[in-house]
Amino acid sequence: MLFTLKWLTSVFPNNKGIDERVEIDTVFIDSRKEVTNGLFVPIVGERFDGHQFVLGAIENGAKAVLWEKTKPFPKDFPSKIAVFFVEDTTEALQHLAHEYKNVLNPKVIGITGSNGKTTTKDLVSAVVQSTYKTHFTKGNFNNHIGLPLTILSMPRDTEVLVLEMGMSDYGEIDLLSKIAEPELSIITNIGESHIEFLGSQEGIARAKLEIRNGMPRDGKLIIDGDEPLLSSLSREDQVITCGFQSHNDVKIEHVRLSVEGTTFTLSDKREYSVSLLGNHHAKNACFAIAVGKLLNIPEDKIKTSLLEAAYTGMRFEFLEGKKGVTIVNDAYNASPTSMIGAIEIVRSLSNFKQKVLVLGDIFELGSFGEQYHRQIGEQIIEPITAVFTYGELAEEISKVVQEKEKSIIAKHVKSEDELFKVLDPFLTEESIVLFKASRGMAFEKFVEKLITKQ
């Protein structure tokens, strides 16, 4: 049980058809979902109105619904179903999440950043749940609807709530922070994602810092201490910095990469490992280590949890492909920073004779798109063997490589068939192939075909 209809009347006093004994187990917005004892929230968008599907939601297990006051109410509405009348169903969902969170009163950890926030969420959750009853964001439920639904799926015995917070414009993190009121917050970095809407990296930094707006005055903010745009915060007592530079509170030293993952030592000489590859994952792990120490989690549990953490899929995922080729599925999303980082990891791997990149478009760069794609091309050097690009802006990457690196095969392809044709010579046990692009490019469709055994 999440809550009773009796408690719900205290949140939404304008109601009808209330049986105070009824318990709600699920809050949902998709009327097609089969539930037990559900509260259905009909979301209204520019092109859809969830009120049209309320009867379907009732057939699938809704015992109560929210209803916008301005919407016509059906005369034949089932009398046994409780109705709560609200001004706006989306805002009501957010308000309900805030109130439910206050009742359970878990310690809340909020995580945002241009890159790495989902991986950091996975690492933080792994560390925290070693000691506490933990609930955390699943999938991409990190926006103004997904975050409230995450809160409203939280079991009543939850002790720590870990919430990923996404954004594309000003004000969005502010809203999420005020709903969740995190006591601990993490800003993983300031990259280029959403620069189309925010205009500059300085603008991105301002938007990410909105996470502080819902925090208590004594809350702790953990940041990327190597990020110049966050450097002014490092002098504040409530801020903890993580990174490679000597001034950081949690300083990373002696990073070692292998196909099995990343091992690193901190300045206190303690060694940690994660089954993810890249220097940036050492930093993501440091955010989780800092959280673990703030929550008094034993050192041995922190180390074990980092090593055994489960990760959201399609994030530098090693797979075996046809003819024994090693596939790296990093198709979940991309920014210029994360794409360059992925390329650097592939370059650093010593046990492959052929290193192949399949790169696609990075979205939401606006007028900066061509510039950033060309900058990626500038970073592609030996021992990369070949780069194949697919999309519109991604062609700029292969153009740059063609211009400056004659020893690297570089080609832009315009169809799926053409891509597989140029890849075929590299499908061997001695090759590694990286797939990376923005989520909308759906590069996982290529990966799926290459890992299908014949």
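Coordinates for the structure precede this section.
What comes next is a walk through the structure. Only a predicted model underlies this, so the values are computations on that prediction, with no experimental measurement involved.

Structural notes on the overall build of the protein chain
- Summing up its helical and strand segments, the protein chain has 15 helices and 22 strands in all.
- Compactness check: the protein chain gives a C-alpha radius of gyration of 24 Å against a globular reference of 22 Å for 454 residues, within 12% of the reference.
- If one aligns the C-alpha atoms of the protein chain with their principal axes, the spans along those axes are about 75 × 50 × 40 Å.
- By residue count, 54% of the 454 residues in the protein chain fall in the buried class.
- Sequence separation of 24 or more characterises 63% of the internal contacts of the protein chain that already satisfy a separation of 6 or more.
- Counting only carbon and sulfur atoms, one obtains 47% of the accessible surface of the protein chain, whose full area is about 19,900 Å².
- Between the averaged position of the 51 positive side-chain charges in the protein chain and that of its 64 negative side-chain charges there is a distance of 2 Å.

Considering the sheet that holds strand 9 (residues 134–136)
- One open sheet holds the nine strands; their spatial order is 9-10-8-11-12-13-14-15-16, and the pairing between them is mixed. Each of the sheet's edge strands pairs with one partner strand only, and the pair in question is strand 9 and strand 16 (271–274). The sheet shows a mean angle of 20 degrees between the axes of neighbouring strands, direction not considered.
- In terms of strand pairing, strand 11 (residues 184–187) meets strand 12 (residues 220–224) through four bridges, oriented parallel. When the sheet's bridge partners are listed, Ile186 is paired in strand 12 with Ile222.

Things to note about unusual backbone geometry
- Here Glu382 and Pro383 are connected by a cis peptide whose omega angle stands at 10 degrees.
- For Asn105, which is not glycine, the phi torsion reads 55 degrees and is therefore positive.

Things to note about the pattern of salt bridges
- Tallied over the entire structure, the rule returns 27 salt bridges.
- One salt bridge connects Glu181 with Lys101, and the closest N-O pair in it is separated by 2.6 Å. One end of the pair, Glu181, is in the loop between helix 6 (172–180) and strand 11; the other, Lys101, is in helix 3 (residues 89–104), and 80 residues separate them in sequence.
- Overall, Glu181 belongs to the partly exposed group, its relative accessible area being 30%.

Quick word on the side chain of Thr241
- With respect to the element layout, Thr241 can be found in strand 13 (residues 239–243).
- Residue class for Thr241 comes out buried when judged on its relative accessible area of 2%.
- Among the polar contacts made by the side chain of Thr241, one reaches the side chain of Asn248 at a distance of 3.4 Å.
- Not counting the four nearest positions on each side in its chain, Thr241 is found in contact with Ile223, Gly225, Ser234, His247, Asn248, Asp249 and Val250.

A word on the environment of Val124
- By the secondary structure assignment, Val124 is in helix 4 (residues 117–128).
- As for Val124 and Val44, which are separated by 80 residues in sequence, their C-alpha atoms are 34 Å apart.
- The contact partners of Val124, leaving out residues within four places of it in the chain, are Ile109, Ile111, Val162, Ile186, Ala288 and Val291.

Reading guide: rules and limits
Residues numbered from 1 in each chain as written. Predicted model: local features only at pLDDT ≥ 70, side-chain atom pairs only at ≥ 80, totals over all residues. Heavy atoms only, no water. Helix = DSSP H or I, 4+ residues; strand = E, 2+ residues; numbered from the N terminus. Rg over C-alpha atoms; globule rule 2.2 N^0.38 Å. Buried < 20%, exposed > 50% of the residue type's maximum accessible area, 1.4 Å probe, protein only. Contact = heavy atoms within 4.5 Å. Areas by Shrake-Rupley, 256 points an atom, 1.4 Å probe, with all protein chains shown as cover. Lys, Arg positive; Asp, Glu negative; His and termini not counted. Charge placed at Lys NZ, Arg CZ, Asp CG, Glu CD. Pairing = 2+ DSSP bridges. Axes fitted to C-alpha atoms, helices over the stretch in contact; angles between N-to-C directions. Salt bridge = Lys/Arg side-chain N within 4 Å of Asp/Glu carboxyl O. Polar contact = N/O pair within 3.5 Å; in protein donor to acceptor, adjacent residues only side chain to side chain.

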